[in-house]
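In case you want the letters, here they are:
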Amino acid sequence: LFGLFLAEGYVFTSVRISDARGAAIEKFLGPDFWKNLTEFFNEAAILIVKQFWLIGIVLLVLFGLSIISRGALLISLRTIKEGNKAEFKKQTKAGLAKFWKLLGLSVLLWLGNLPVMILWYFGLARPSGLLGGIGLALVFVYNILILLFRHYSYCFVVYDGANIFA
């Protein structure tokens, strides 16, 4: 949160950041603006690092819920297509049953994309101009194909009960 106020003919700025527990860092950025701003960002970085474990846990939980919901959604689609009523609790349990396969498939697809991104970053991201643009376009097309492949592979794992290497 940034605040501007006027005092003695100067515009002063105040910066504040707070975490979920209410701990806050507030810095008056008066005449030594850049020095105080640097100190504020250093203190804010320390606060963020202290909260990093909490952010990591929240992101892992959200990632796990997205995998469970992906499986539940695919199973719900099949249930509705068969003419049956989809129940939230039942479909969520079925999605939870597919959790480890879908997690393994997500990791496998991510690992398949990792070398391409590394090669692009270290090999093609440095040259500018035509070569860099062609490399970026190829990585973009490759990622679109992986996205489509990922959807069909999730369906294959959920509907046919295949393992992640099939």
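Attention here is on the structure that accompanies the text. Values in this document were obtained by computation on a predicted structure and should not be read as measured data.

Parameters at a glance
- Residues numbered from 1 in each chain as written.
- Predicted model: local features only at pLDDT ≥ 70, side-chain atom pairs only at ≥ 80, totals over all residues.
- Heavy atoms only, no water.
- Helix = DSSP H or I, 4+ residues; strand = E, 2+ residues; numbered from the N terminus.
- Buried < 20%, exposed > 50% of the residue type's maximum accessible area, 1.4 Å probe, protein only.
- Contact = heavy atoms within 4.5 Å.
- Areas by Shrake-Rupley, 256 points an atom, 1.4 Å probe, with all protein chains shown as cover.
- Polar contact = N/O pair within 3.5 Å; in protein donor to acceptor, adjacent residues only side chain to side chain.
- Phe/Tyr/Trp six-rings, centres within 6.5 Å; stacked < 30°, edge-to-face > 60°.
- Core = buried A, V, L, I, M, F, W, Y, C linked by side-chain atoms within 4.5 Å.

### What about the overall build of the chain?
Along the backbone of the chain there are five helices and three strands. Looking at the chain as a whole, 27% of its 166 residues are labelled buried. Considering only intrachain contacts with a sequence separation of at least 6, the fraction spanning at least 24 residues in the chain is 44%. When the accessible area of the chain is evaluated, it comes to approximately 12000 Å², of which 72% is carbon and sulfur surface.

### Describing the side chain of Q91
Among the structural elements, Q91 can be located in helix α3 (residues 88-97). Q91 gets classed as buried once you look at its relative accessible area, which sits at 4%. Sequence-distant contacts of Q91, that is, excluding residues within four places in its chain, are made with A72, I75, S76, T79 and A86.

### Describing the environment of G161
Mapping G161 onto the fold places it in the segment after α5 (130-160). You can call G161 partly exposed: its relative accessible area is 35%. Expressed as a C-alpha distance, the spacing of G161 and K98, which sit 63 residues apart in the sequence, is 8.7 Å. Those residues in contact with G161, other than ones at most four positions away along the chain, are K98, K101 and F156.

### Description of the side chain of T79
Relative to the elements of secondary structure, T79 occurs in helix α2 (residues 52-81). What makes T79 buried here is its relative accessible area of 14%. Within the local environment of T79, its side chain forms a polar contact with the side chain of Q91, the two groups lying 3.4 Å apart. For T79, the residues in contact, after removing those within four places along its chain, are N84, K85, A86 and Q91.

### Thoughts on the packing of aromatic side chains
Counted under the stated rule, the structure contains one aromatic pair. An angle of 80 degrees between the planes, with centres 4.9 Å apart, marks the rings of F99 and W100 as edge-to-face. On the basis of relative accessibility, which here comes to 15%, the residue F99 falls in the buried class.

### So, the nonpolar core
Membership of the largest hydrophobic core comes to 13 residues, with the highest contact counts inside it found for I67, L74, F99, L102, L105, Y154 and V158. Of all the secondary structure elements, the ones that give two or more residues to this core are α2, α4 (99-124) and α5. Looking at this core, the element that brings in the most residues is α4, giving five residues. If we skip the residues at most four places from it in the chain, Y154 touches R70, L74, L102, L105 and S106.

Read these as geometric descriptors, not functional statements.
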